[in-house]
Amino acid sequence: QSTLVLEMRVAPLDEEYILILADDRTDATRTEAMRHDFVVNVSHELKTPVGAISLLAEAIDDAADDEVAVRRFATRLGIESTRLTALVQDIIEFSRVQAKDVVREGGPVDLNRVVAEAVDRLRLTAEARDIRLKAGGRVDAVVHGDADQLMTAVRNLVDNAVRYSPDGTTVGIGLSSRDGLAQITVTDQGVGISPEEQGRVFERFYRVDGARSRQTGGTGLGLSIVKHVVINHGGEVTLWSQPGRGSTFTIRLPEWEEPAVRGAAPVEPP
Ligand code: ADP
């Protein structure tokens, strides 16, 4: 369903004619509505950890003589503030990846480095859960854009793969290139996502299982950040998954062509 929003101004020109000015405000109104929704969502998401933190601070105050209770509340206070920090970081990241012309403003990005760095950053987290991160071989894959954004996207996928997998499993990260498209795949042997949920997981703040997501440190923004980064680079992200068996997320990005090659005039033989 689409609604056309027109802003009309009417002014009498003389006794016979009036002037009507119509301004198409459809896009502006939609952007405004989306911004409003986002602010409502964010406020709602912030309420939970902020509320918990102030309750716990009160509880610590009340339990001043009971050392065991104080320690227990303090631990939970730490967990809640870590959660709040993660949420704030993701909100900042989310607004950073909004509608940025990264292809025009960016530069060539070697996807081997992007994948290697994303994997490196999660190695300790994975090791702690005895999860093996298995990265595939090197290929030539260069895209045009923003290396930090692309790193964030790949890191989010690997982070999810680790968080939604049982201990002792393997997460595979692959990079390939074909017909001018670079492809990054992240495969896990985790809990999987049901067909009904698969279309919704890229929505911001959408979680299949709120309790589990919160427990594993999720903010509900990870996949929507991935989606925005990929769209910014003119690509697409798809998902294959089977509940109980695992998931594969695939990012496809148009590869960068050497400008000199693309625009060069044929060389005439002397
Ligand atoms: P969260 O911070 O909750 O992980 P995301 O936007 O990253 O938020 O993911 C949205 C939801 O999609 C998650 O709550 C989770 O239920 C599901 N999900 C994402 N990645 C995976 C995965 N690799 N395996 C199973 N479920 C996943």
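Up top is the structure these notes are about.
Read on for a plain summary of the structure. The structure displayed is predicted, hence computed values, not measured ones. (Residues numbered from 1 in each chain as written. Predicted model: local features only at pLDDT ≥ 70, side-chain atom pairs only at ≥ 80, totals over all residues. Heavy atoms only, no water.)

What to know about the nonpolar core
The tendency in soluble globular proteins is for nonpolar side chains to be buried as a group. Membership of the largest hydrophobic core comes to 47 residues, with the highest contact counts inside it found for Leu-111, Leu-133, Leu-150, Val-171, Val-226 and Ile-251. Once residues within four sequence positions are removed from consideration, Leu-111 is found in contact with Ala-141, Val-143, Leu-150, Leu-175, Ala-182, Ile-184 and Leu-253. Within the second largest apolar cluster, five residues are counted, among which are Leu-56, Ala-63, Ala-69 and Phe-73. (Core = buried A, V, L, I, M, F, W, Y, C linked by side-chain atoms within 4.5 Å. Buried < 20%, exposed > 50% of the residue type's maximum accessible area, 1.4 Å probe, protein only. Contact = heavy atoms within 4.5 Å.)

A look at the site of the ligand
The environment of the ligand is made up of 21 residues, and the closest members are Tyr-164, Asp-188, Ser-213, Thr-219 and Gly-220. A distance of 3.4 Å is found between an oxygen atom of the ligand and a backbone nitrogen or oxygen belonging to Val-208. With respect to the ligand, the backbone of Gly-220 contributes an N or O atom lying 2.8 Å from an oxygen atom. Comparing atom positions with the cavity grids shows the ligand to sit within the largest pocket. Of all the secondary structure elements, the ones that give two or more residues to the shell around the ligand are α5 (147-163), α8 (222-232) and β9 (246-254). Ranked by residues supplied to the shell around the ligand, first place goes to α5 with three residues. A class-by-class count of the residues in the shell around the ligand yields ten nonpolar, eight polar and three charged. (Near = heavy atom within 4 Å. Polar contact = N/O pair within 3.5 Å; in protein donor to acceptor, adjacent residues only side chain to side chain. 1 Å grid on protein atoms, 1.4 Å probe; cavity = no way out; pocket = protein on both sides within 12 Å on 5 of 7 lines; lining within 4 Å. Sits in = over half its atoms within 2 Å of the grid points. Helix = DSSP H or I, 4+ residues; strand = E, 2+ residues; numbered from the N terminus. Nonpolar A, V, L, I, M, F, W, Y, C, P; charged D, E, K, R; others polar.)

What about the packing of aromatic side chains?
Taken as a whole and assessed by the stated rule, the structure comprises three aromatic pairs. Aromatic pair Phe-38 and Phe-94: ring centres 5.1 Å apart, planes at 25 degrees, arrangement stacked. Placement of Phe-38 in helix α1 (residues 26-62) and of Phe-94 in helix α2 (residues 67-96) is noted, with a sequence separation of 56 residues between them. Note on accessibility: Phe-38 and Phe-94 belong to one class, buried. Ring centres of Phe-202 and Phe-249 lie 6.1 Å apart, and the angle between their planes is 75 degrees; on these two criteria the pair is classed as edge-to-face. Taken together, the positions of Phe-202 in the loop between α6 (195-198) and α7 (210-215) and Phe-249 in strand β9 put the pair 47 residues apart, joining distant regions of the chain. Here Phe-202 falls in the buried class, since its relative accessible area comes to 12%. Put simply, the rings of Phe-38, Phe-94 and Phe-205 pair up and form one aromatic cluster. Across the ring face of Phe-73, the terminal group of Arg-72 is positioned such that the distance to the ring centre comes to 5.3 Å. (Phe/Tyr/Trp six-rings, centres within 6.5 Å; stacked < 30°, edge-to-face > 60°. Lys NZ or Arg CZ within 6 Å of the ring centre and 35° of its normal.)

Overview of unusual backbone geometry
A negative phi holds for most residues other than glycine; trans holds for most peptide bonds. Look at Asp-130: it is not a glycine, yet its phi comes out positive at around 60 degrees. Along the chain, Asp-130 falls in the loop between α4 (111-128) and β4 (132-135). Residue classification places Asp-130 among the exposed positions, given a relative accessible area of 58%. The phi angle at Phe-205 is positive, at roughly 65 degrees, despite the residue not being glycine. Mapped onto the fold, Phe-205 is located in the loop between α6 and α7.

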